[in-house]
Structure formats: C-alpha cells, structure tokens
Amino acid sequence: MTQEAAFTATIEKDQRIEPRDWMPDGYRKTMIRQIAQHAHSEIIGMQPEGAWITRAPSLRRKAILLAKVQDEAGHGLYLYSAAETLGADRGDLTRRLIEGRQKYSSIFNYPTLTFADVGVIGWLVDGAAICNQVPLCRSSFGPYARAMIRICKEESFHQRQGYELLMTMMRGTEAQRDMVQDAVNRWWWPSLMMFGPPDAESPNTAQSMAWKIKRHTNDELRQRFVDMSVPQASALGVTLPDPDLRWNPEREHHDFGEIDWSELKRVISGDGPLNAERIEHRRRADEDGEWVRSAAAAHAAKKQGVRG
Ligand code: ACO
C-alpha cells in the first residue's frame with residue numbers, strides 16, 4: 001500500500017492520523033493553520049475578560065474569573081504543543097500572529113464594557129466555542145482531537161459560570177437586568193460570526209470535511225447554536241436582538257435574520273473595534289516575557305551540560 005493509500009484508509013476507517021504518520025502536505029498545512037489560529041484565539045481571548053479581574057465585584061467572582069482566564073492560557077499551550085507535533089515552531093507562530101500573518105477568532109476584538117459581559121462571554125462565546133469544538137474531539141488528527149477533549153470539559157465549566165453569573169444578575173436590580181440585556185444585544189451577532197463565513201463562501205470547509213478535520217459545516221454548527229440558545233435566553237429572561245428569530249416547524253429549526261457578513265470580513269481583516277489593541281498587548285507581553293524564556297533555556301542548557 002502506498003503512503004497516500006494508507007493515509008486515506010486511516011481517514012476512511014475513522015481512525016486518527018498521528019504525528020509520525022505520512023500525511024499530504026496540504027493536510028499538514030491545514031492542521032497547522034487551524035490549530036495555530038485556535039491557539040492564538042485562546043491566548044488573545046484572555047484579554048477581554050482579563051481586563052475585569054481587578055474589578056470583579058466579589059472575591060468569589062474574582063477567583064472564578066482568575067481560574068477561567070488561566071484555563072484559557074492552558075488551552076493555548078496544549079494547542080501550541082499539538083501544532084509543534086506537526087513541525088511548527090511556537091515562537092514562529094507567535095511572530096506570525098503579531099505580524100498579522102495568522103488569524104485569531106474575530107470575537108475577541110470586541111470590548112468588554114461591563115461585568116455582565118463576563119457572564120455573556122461565558123454563556124454565548126464559550127457556548128459557541130463548545131458547539132464548534134465538541135465535534136473536533138473526533139477530528140482526524142490525534143493530538144488535536146485529544147487536546148480538544150480536555151478543552152471542552154473546561155469550556156463547559158466556563159459556560160456554566162457565565163450562565164450562573166447572568167442568572168444572579170437577572171435576580172438583582174433593574175439596572176443589573178438592563179446591563180445583562182445590553183451585553184446580550186452587543187454579543188449575540190458577533191457570537192454567530194464565530195462559526196465562520198456561510199458555507200457557500202467558506203473556502204476550506206469541503207477539503208476539511210473530506211479529511212474529517214471538520215465534522216460539520218459552519219452553517220450547520222451556527223444553526224445548532226441558535227437552536228440551543230433560544231430556550232436558554234428564555235429561561236434567563238432576556239431577548240435575543242433579532243426580530244426575524246422564530247421557530248420554523250417545517251425545518252424543525254429556528255429561522256434567524258441575515259448576518260452582517262461585511263462586519264465579519266472587516267474584523268477578520270484587522271479592522272475590528274480592538275484588533276490593534278489586542279495585537280499590541282500581545283506584542284508587549286511577548287517582549288516582557290523574553291527574559292523568562294531565555295532564563296529557562298539557559299537553565300535547561302546548563303542542566304544538559306551537567307548530565308552530559
Ligand atoms: N474569526 C477569524 N477568522 C475566521 C473566522 C472567525 N470567526 N471564521 C473563519 N475565519 C477564517 C478562517 O480561519 C479562514 O482563514 P484562512 O483560510 O485565511 O486561514 C477563512 O476565515 C475562511 O473560513 P473557512 O474556510 O470557513 O475556514 P475553516 O474551514 O478553517 O473554518 C473555523 C473556520 C470554523 C473557525 C475553524 O477553523 C475551526 O473550527 N477552528 C477551531 C475552533 C477555533 O479556532 N475557535 C476559536 C475561537 S473559540 C475560543 O477560543 C474560546
């Protein structure tokens with residue numbers, strides 16, 4: 001059997017491709033692209049909520065938020081490690097992010113204006129992330145699929161903490177309820193955009209589905225997320241900001257309004273509300289951390305020398 005036939009047979013049997021297996025260059029490139037973008041999203045995703053750690057309204061909320069943001073850092077690290085198994089270099093990936101040569105999720109370019117945003121990010125943004133990532137636990141590349149299992153478990157804690165925070169605020173004062181509704185109004189549409197462009201305009205979906213990297217298309221997952229969120233919004237007592245949102249008994253799904261795809265394109269291409277700040281912050285963090293990386297490398301080299 002040729003190497004290519006062995007690769008195809010592994011995919012067809014629904015088994016995993018492992019780092020030492022032969023794989024087509026296109027598969028390797030696609031996996032590095034997706035894993036790197038995903039890792040960058042986790043790391044940049046620490047910023048919007050990290051901004052609220054010092055302003056959390058109670059010790060309990062602060063401890064929860066700290067743990068959550070720390071989890072996101074962990075997710076980024078597993079994912080960079082998964083990309084390294086494909087021959088990518090972590091420092092190089094970070095440079096590509098900072099130089100705007102690699103993407104990260106559009107959602108993290110929006111500002112967090114009030115503490116209700118922390119709850120809504122947990123509920124909607126982490127909810128969308130789970131919806132997108134649970135099927136990735138069956139992705140064909142072994143290290144990515146395995147990293148995703150732990151990531152999804154932690155994301156589901158993130159979603160619950162967000163929903164619980166919102167429930168608490170909704171039981172509070174009128175001003176708190178207004179704050180929640182305002183945050184829902186601002187995050188709903190960007191959350192739907194997280195799933196990517198519509199299928200007809202998604203250049204990567206067909207090949208990624210054939211390679212079983214992706215198990216569902218962008219539109220299928222977006223629909224699943226809308227269907228999941230509607231009853232949750234009603235239990236919470238908030239309105240989703242879409243006058244066209246309604247149950248369609250024939251499709252057995254919710255219909256929803258047209259997404260502003262020009263906004264997604266703008267944000268992806270670097271012109272969202274906070275793209276410049278997010279990247280500048282990441283660049284500074286990378287520079288500030290340089291001495292730690294050099295010290296760790298020097299220490300490792302010294303230990304190697306002693307052993308040798
Ligand atoms: N934000 C930024 N870029 C996006 C987004 C988005 N919301 N949606 C799509 N894109 C990019 C794609 O990465 C692709 O870029 P490239 O080809 O220039 O590298 C381009 O737009 C076209 O999109 P698709 O052809 O649909 O790309 P793909 O098949 O990779 O699907 C998706 C995009 C659904 C995001 C996929 O890559 C994926 O499932 N990634 C893993 C999950 C992930 O990265 N989540 C991050 C946010 S969740 C979190 O961190 C809490």
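The shown structure was predicted, so the numbers you read here are calculated from the model rather than taken from an experiment.

Asker: Can you break down the layout of surface pockets residue by residue, with the values?
Answerer: Looking at the second largest pocket, its volume works out to about 350 Å³. Around the second largest pocket, the lining residues are Ile 43, Ala 73, Leu 77, Tyr 80, Arg 90, Gly 91, Thr 94, Arg 95, Arg 282, Ala 285, Asp 286 and Arg 293. For the lining of the second largest pocket, the secondary-structure elements that each account for two or more residues are helix H4 (59-84), helix H5 (90-98) and helix H12 (275-288). The dominant element in the lining of the second largest pocket, judged by the number of residues it contributes, is H5, at four residues. Here the residues of the lining of the second largest pocket sort into five nonpolar, two polar and five charged.

Asker: How would you sum up the site of the ligand? Please name residues and give values.
Answerer: Within the structure, the ligand sits among 28 residues, and Gln 37, Lys 103, Ser 106, Ser 202 and Lys 214 are positioned closest to it. Note that an oxygen atom of the ligand is positioned 2.4 Å from one of the side-chain N or O atoms of Lys 103. Within the contact set of the ligand, a nitrogen atom lies 2.8 Å away from a backbone nitrogen or oxygen of Ser 106. A total of 960 Å² of accessible area belongs to the ligand in isolation, and the protein chains cover 89% of it. Here the shell around the ligand takes six residues from helix H2 (residues 25-44), the largest share from any one element. In the shell around the ligand, the residues fall into eleven nonpolar, 13 polar and four charged.

Asker: Describe empty space enclosed by the protein, with residues and values.
Answerer: If you walk through the whole model with that rule in mind, you get one cavity of 30 Å³ or more. If you add up the space inside the largest cavity, you get close to 50 Å³. Lining the largest cavity are Arg 61, Ile 64, Leu 65, Phe 115, Val 118, Gln 161 and Leu 165. Only H4 and helix H7 (142-170) provide two or more residues apiece to the lining of the largest cavity. The element that contributes the greatest number of residues to the lining of the largest cavity is H4, accounting for three residues. Residues of the lining of the largest cavity, tallied by class, amount to five nonpolar, one polar and one charged.

Asker: Lay out the packing of aromatic side chains in plain terms, naming residues and giving numbers.
Answerer: Evaluated as defined, the whole model comprises eight aromatic pairs. Taken together, a centroid distance of 5.5 Å and an interplanar angle of 85° make the contact between Tyr 27 and Trp 211 edge-to-face. Here the residue Tyr 27 occupies a position in helix H2, and Trp 211 occupies one in the loop between helix H9 (205-210) and helix H10 (218-236), the gap between them amounting to 184 residues. The two residues Tyr 27 and Trp 211 agree in class, both being buried. Among the aromatic residues, those joined into a cluster by ring pairs are Phe 7, Trp 22, Tyr 27 and Trp 211. In this structure, Arg 55 packs its charged tip against the face of Trp 52, placed 3.9 Å from the ring centre.

Asker: Help me get a handle on the nonpolar core, residues and values and all.
Answerer: Across soluble globular proteins, you tend to see nonpolar side chains buried next to one another. The biggest cluster of nonpolar side chains holds 47 residues, and the ones touching the most others in it are Trp 123, Val 180, Trp 187, Phe 225 and Val 238. Listing elements by their share of this core, those giving two or more residues are H4, helix H6 (116-133), H7, helix H8 (174-193), H10 and helix H11 (261-271). With nine residues, the single largest contributor to this core is H6. Dropping the residues within four chain positions of it, Val 238 is found in contact with Trp 123, Met 170, Val 180, Gln 181, Val 184 and Ala 233. Counting residues in each nonpolar core, the second largest holds 27 residues, with Leu 86, Ala 88, Leu 93 and Phe 141 among its members.

Asker: Hey, could you go over the packing of H4 against H6 for me, with residue numbers and the actual values?
Answerer: Angle between the axes and distance between the axes are the two parameters that describe a pair of packed helices. The interhelical angle for the contact between H4 and H6, taken along N-to-C directions, is 40°, at an axis separation of 12 Å. Between H4 and H6, the interaxial angle falls into the category oblique. At the point where H4 passes H6, the crossing takes the left-handed sense. The segment H4 lies against H6, with Leu 65, Lys 68 and Glu 72 engaging Val 118, Ile 121, Gly 122 and Asp 126. Within the contact of H4 with H6, the residues separate by chemical class into three nonpolar, one polar and three charged.

Asker: Break down unusual backbone geometry for me, with residues and values.
Answerer: Despite not being glycine, Lys 212 shows a phi value in the positive range, around 55°. Among the structural elements, Lys 212 can be located in the loop between H9 and H10. A positive phi is found at Glu 252, a non-glycine position, where the angle reads about 60°. With respect to the secondary-structure elements, Glu 252 resides in the loop between strand S1 (246-248) and strand S2 (253-255). A residue is classified by how much of its surface remains accessible, and Glu 252, at 57% relative accessible area, is exposed.

Asker: For the environment of Ile 149, give the residues involved together with the corresponding values.
Answerer: The residue Ile 149 is located in helix H7 in this model. Distance in space between the C-alpha atoms of Ile 149 and Arg 138 is 9.1 Å, their sequence separation being eleven residues.

Cut-offs applied
- Residues numbered from 1 in each chain as written.
- Predicted model: local features only at pLDDT ≥ 70, side-chain atom pairs only at ≥ 80, totals over all residues.
- Heavy atoms only, no water.
- 1 Å grid on protein atoms, 1.4 Å probe; cavity = no way out; pocket = protein on both sides within 12 Å on 5 of 7 lines; lining within 4 Å.
- Points joined across faces, edges and corners; volume = space filled by probe spheres on them.
- Helix = DSSP H or I, 4+ residues; strand = E, 2+ residues; numbered from the N terminus.
- Nonpolar A, V, L, I, M, F, W, Y, C, P; charged D, E, K, R; others polar.
- Near = heavy atom within 4 Å.
- Polar contact = N/O pair within 3.5 Å; in protein donor to acceptor, adjacent residues only side chain to side chain.
- Areas by Shrake-Rupley, 256 points an atom, 1.4 Å probe, with all protein chains shown as cover.
- Phe/Tyr/Trp six-rings, centres within 6.5 Å; stacked < 30°, edge-to-face > 60°.
- Buried < 20%, exposed > 50% of the residue type's maximum accessible area, 1.4 Å probe, protein only.
- Lys NZ or Arg CZ within 6 Å of the ring centre and 35° of its normal.
- Core = buried A, V, L, I, M, F, W, Y, C linked by side-chain atoms within 4.5 Å.
- Contact = heavy atoms within 4.5 Å.
- Axes fitted to C-alpha atoms, helices over the stretch in contact; angles between N-to-C directions.
- Parallel < 35°, antiparallel > 145°, perpendicular 65-115°, else oblique.
- Left-handed = near helix turned anticlockwise from the far one by under 90°.

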